Amino acid sequence: MIKLERVHKIYRTDEIETVALENVNLEVHKGEFLSVMGPSGCGKSTLLNVMGLLDTPTSGEITIAGKTIHEMNDSTLARFRNEHLGFVFQSFHLINSLNVLDNVELPLLYRGVGSKERRRLAEEVLRRVGLSHRMRHFPAQLSGGQCQRVAIARAIIGNPHIILADEPTGNLDSKMGAEIMGLLHDLNQTDGRTIVMVTHDESKAKETTRTIRFLDGRRIS
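Owing to the predicted nature of the structure, the values given are computational and were not obtained by experimental measurement.

1. Comments concerning the overall build of the chain
Scanning the chain for helices and strands turns up seven helices and 10 strands. Scaling as 2.2 N^0.38, a compact globule of 221 residues should have a C-alpha radius of gyration of about 17 Å, and the chain matches this with 17 Å. Taking the principal axes of the C-alpha coordinates as reference, the chain spans close to 50 × 40 × 35 Å. The buried share among the 221 residues of the chain stands at 49%. Of the contacts made within the chain by residues no fewer than 6 positions apart, 72% connect residues no fewer than 24 positions apart.

2. Quick word on the layout of surface pockets
There is about 470 Å³ of room inside the largest pocket. Along its surface, the largest pocket is lined by 18 residues, and N82, L85, F87, P107 and R154 are the ones closest to its centre. At the level of secondary structure, the elements contributing two or more residues to the lining of the largest pocket comprise helix 2 (74-84), strand 6 (85-89), helix 3 (100-111) and helix 5 (144-156). The class makeup of the residues in the lining of the largest pocket is 10 nonpolar, five polar and three charged.

3. Thoughts on the packing of helix 3 against helix 4 (residues 115-128)
In helix packing, the relevant descriptors are the interaxial angle and the interaxial distance, both defined with respect to the helix axes. At a closest axis distance of 9 Å, the pairing of helix 3 and helix 4 adopts a crossing angle of 120 degrees. Taken together, helix 3 and helix 4 sit at an angle that is classed as oblique. Crossing of helix 3 against helix 4: the hand is right-handed. Here V100, L101, D102, V104, E105, L108 and L109 of helix 3 lie close against helix 4, whose contacting residues are R118, R119, L121, A122, E123, V125 and L126.

What counts as what
What you see as residue numbers is a count from 1 along each chain, following the sequence as written. Totals for whole chains, interfaces and linings use every residue, but because this is a predicted model, local features are given only for residues with pLDDT of at least 70 and side-chain atom pairs only at 80 or more, for both listing and counting. In computing side-chain properties, one takes all heavy atoms of the structure into account and sets aside hydrogens as well as water. Put simply, DSSP H or I for four residues or longer makes a helix, DSSP E for two residues or longer makes a strand, and each gets a number counted from the N terminus. We compute the radius of gyration over the C-alpha atoms and compare it with the globule rule, which gives 2.2 Å times the number of residues raised to the power 0.38. When accessible area is computed with a 1.4 Å probe and restricted to protein chains, residues below 20% of their type maximum are described as buried, those above 50% as exposed, and intermediate ones as partly exposed. Contacts are assigned to residue pairs that have any heavy atoms within 4.5 Å of one another. Only protein atoms enter the calculation, which uses a 1 Å grid: trapped sets of points that fit a 1.4 Å probe without letting it out are cavities, open sets showing protein on both sides within 12 Å along at least five of seven lines are pockets, and any residue with an atom within 4 Å of a point is a lining residue. Grid points are joined across faces, edges and corners, and a volume is the space filled by probe spheres set on the points. As a working rule, the residues Ala, Val, Leu, Ile, Met, Phe, Trp, Tyr, Cys and Pro are called nonpolar, Asp, Glu, Lys and Arg charged, and the rest polar, with Gly in that last group. Only C-alpha atoms enter the line fits that serve as axes; for helices the fit covers just the stretch in contact. Angles between N-to-C directions range over 0 to 180 degrees. Working rule for angles: under 35 degrees goes down as roughly parallel, over 145 as roughly antiparallel, 65 to 115 as roughly perpendicular, anything else as oblique. Put simply, a crossing is left-handed when the front helix is turned counterclockwise from the back one by less than a right angle, and right-handed when it is turned clockwise.

On their own, these measurements won't tell you what the molecule is for.
This is the structure in structure tokens:
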């Protein structure tokens, strides 16, 4: 489902060069729930951003769902990302001026889906994450766990094959964290979605299919 070959990511300024990823080779199989661990600054989030086509590797090749990424132009890349990838972030990245329903509809708005169909699909995924009673609320009126459920609903509304989650339980207490993990497991096991999750939590990593570890931009296990 995802293949990285000899991927390097280097950030350069006039004075300094920072190697964020060094010669990363990785395959994520269809239906796998992979966790990525390592200390802060080791390249975990950079890896997720490169996988999610939010950042471009300095060198190397990325293949997702059989498509070689470097062959795509910007518009094709944006469309591919919208159709195949769903994102869940530690800080939720919700738009505070929009209510829950409007936040969840956004990926379909970018696809040009009509308003009635957007509304139907948004209501459907919000029921699935247990937030049908909060559709008209705004992010500031929700708990952290509820905000993360909204973020997951937004990630899956377009029916992506792959979900990329960056510390999805990092800002939550243990009870809310367990509920979010339960929801991710359901998406993986019931829907067959491939999930890559960055985490600092060893107990959460143990729940996943496989764990890989990074140090100083290199995969070490």
